[in-house]
Amino acid sequence: MALKKLVKINKGIPFIALFLIGAIFSCKEESKAPSKMKYVSGEALGTTYHIKYFSEDNFDASTKVDSIFKTINLSMSTYQQDSDISKINHGDTSVVVDDMFKEVYELSESISRNTKGYFDPTVGNIVNAYGFGGEKVEIKLDSVKIDSMMTYVGMDKIALTSENRIKKNSPNVYLEFNSIAKGYTVDRLGIMLEKAGVNNYLVELGGELRARGKNIDNQKNWRVGIDNPQTKDRSFSTVISLKNVAMATSGNYRKFRLDSLTGKRYVHTINPLTGYSYKSDILSASVLANTCAEADAYATAFMAMGYSKALVVLEEIPGIEVYFIYDEAGTVKTYASKGFLAAGAAPKGDDTKTN
């Protein structure tokens with residue numbers, strides 16, 4: 001059953017615009033018995049979604065799914081002009097944000113601190129200027145303009161008041177949650193299923209995933225593949241087994257914008273500390289976390305850091321496991337944390353480093 005599309009899909013610039021979807025939804029059915037799995041899929045937030053679940057009470061998730069997407073859009077979509085975040089960005093100081101907005105904002109603050117500023121939702125004006133955001137901006141980008149816009153970037157430029165209003169130290173501060181909202185939406189879909197008594201499910205939205213329980217049809221954990229960035233045919237670099245965990249993958253090896261005047265290629269990863277589009281030596285960053293919102297944000301931050309800095313910061317963040325595909329002097333290599341290996345991914349080989 002295809003659900004109603006809640007926002008227009010903008011080719012090349014989806015709702016979540018800063019990174020490439022790297023994890024492909026994959027679940028091989030091995031049981032020959034009739035499947036008891038329920039399946040809901042469609043288009044929303046500028047991408048596609050697939051939900052597989054098992055319900056003893058024959059729960060129909062389709063109408064609830066539609067409602068969650070609509071609520072998320074009205075709260076946090078910079079592609080929707082009547083959303084709360086769009087109103088805030090255009091100077092409306094009367095907006096009282098909802099609980100979801102507050103939760104994403106507070107989580108963003110925490111992750112920004114943990115990543116030493118490499119995750120920063122106030123980088124929205126620069127994202128728009130590069131052509132990756134929710135608003136079309138005609139700006140000739142140069143070092144002077146980027147430096148000027150950077151004066152409005154930083155979590156210290158914005159605050160959430162006790163009345164749940166956003167306070168900015170300048171009207172030019174532009175807030176966007178495009179590097180965390182998709183993962184957060186996956187979490188809300190999963191929580192909806194859990195409240196309905198569903199204990200075994202796999203939710204996928206644009207490649208971001210949340211898994212609980214197992215695939216009842218074959219009595220195995222949910223299995224998903226991670227893209228190989230060296231191929232064009234969506235082959236897998238590795239396959240991972242998921243149980244009671246969320247995963248997000250970020251990369252810029254297929255998504256980029258080409259400047260029609262200069263011919264320069266801009267990748268989706270923006271370094272929020274410099275304001276420049278950044279060609280990271282990490283080709284793909286896959287992150288396991290308890291929530292998909294966390295995995296989503298950390299994957300984006302690791303791309304902006306690059307391989308060496310990401311390994312240092314990773315040591316200071318509990319509960320996060322990673323699988324990096326990275327370039328070292330022209331040679332593509334992989335790194336897997338122990339927790340990622342424990343999940344059945346990245347079999348050890350000569351080119352796979354571990355911590």
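A quick note: this is a predicted structure, and the numbers were derived from the prediction, not measured.

Looking at the pattern of salt bridges
Under the counting rule described, the total for this entry stands at 8 salt bridges. Here Lys116 and Glu316 are joined by a salt bridge, their closest N and O atoms 3.1 Å apart. On the criterion of sequence distance, the pair formed by Lys116 in the loop between helix 3 (99-114) and helix 4 (124-130) and Glu316 in the loop between helix 8 (307-314) and strand 15 (321-328) is long-range, its members being 200 residues apart. For Lys116, a relative accessible area of 49% puts it in the partly exposed group. Ionic contacts of the salt-bridge type, sharing partners, join the residues Asp187, Glu194, Arg210 and Arg212 into one network.

Some words on unusual backbone geometry
The backbone of Lys116 shows a phi angle near 60 degrees, a positive value even though the residue is not glycine. A positive phi angle, close to 60 degrees, is found at Asn164, a residue other than glycine. Tracing the sequence through the fold places Asn164 in the loop between strand 5 (158-160) and strand 6 (166-168). For Asn164, a relative accessible area of 19% corresponds to the buried category.

Some words on the side chain of Asp187
For Asp187, the position within the fold is in helix 6 (residues 181-195). The exposure class of Asp187 is buried, given its relative accessible area of 5%. Side-chain polar atoms of Asp187 contact the backbone nitrogen of Ala293, separated by 2.9 Å. Not counting residues within four places of it along the chain, the set of residues in contact with Asp187 comprises Arg210, Thr291, Cys292 and Ala293.

Quick notes on the rules
- Residues numbered from 1 in each chain as written.
- Predicted model: local features only at pLDDT ≥ 70, side-chain atom pairs only at ≥ 80, totals over all residues.
- Heavy atoms only, no water.
- Salt bridge = Lys/Arg side-chain N within 4 Å of Asp/Glu carboxyl O.
- Helix = DSSP H or I, 4+ residues; strand = E, 2+ residues; numbered from the N terminus.
- Buried < 20%, exposed > 50% of the residue type's maximum accessible area, 1.4 Å probe, protein only.
- Polar contact = N/O pair within 3.5 Å; in protein donor to acceptor, adjacent residues only side chain to side chain.
- Contact = heavy atoms within 4.5 Å.

Purely spatial values, then, with no claim about function.
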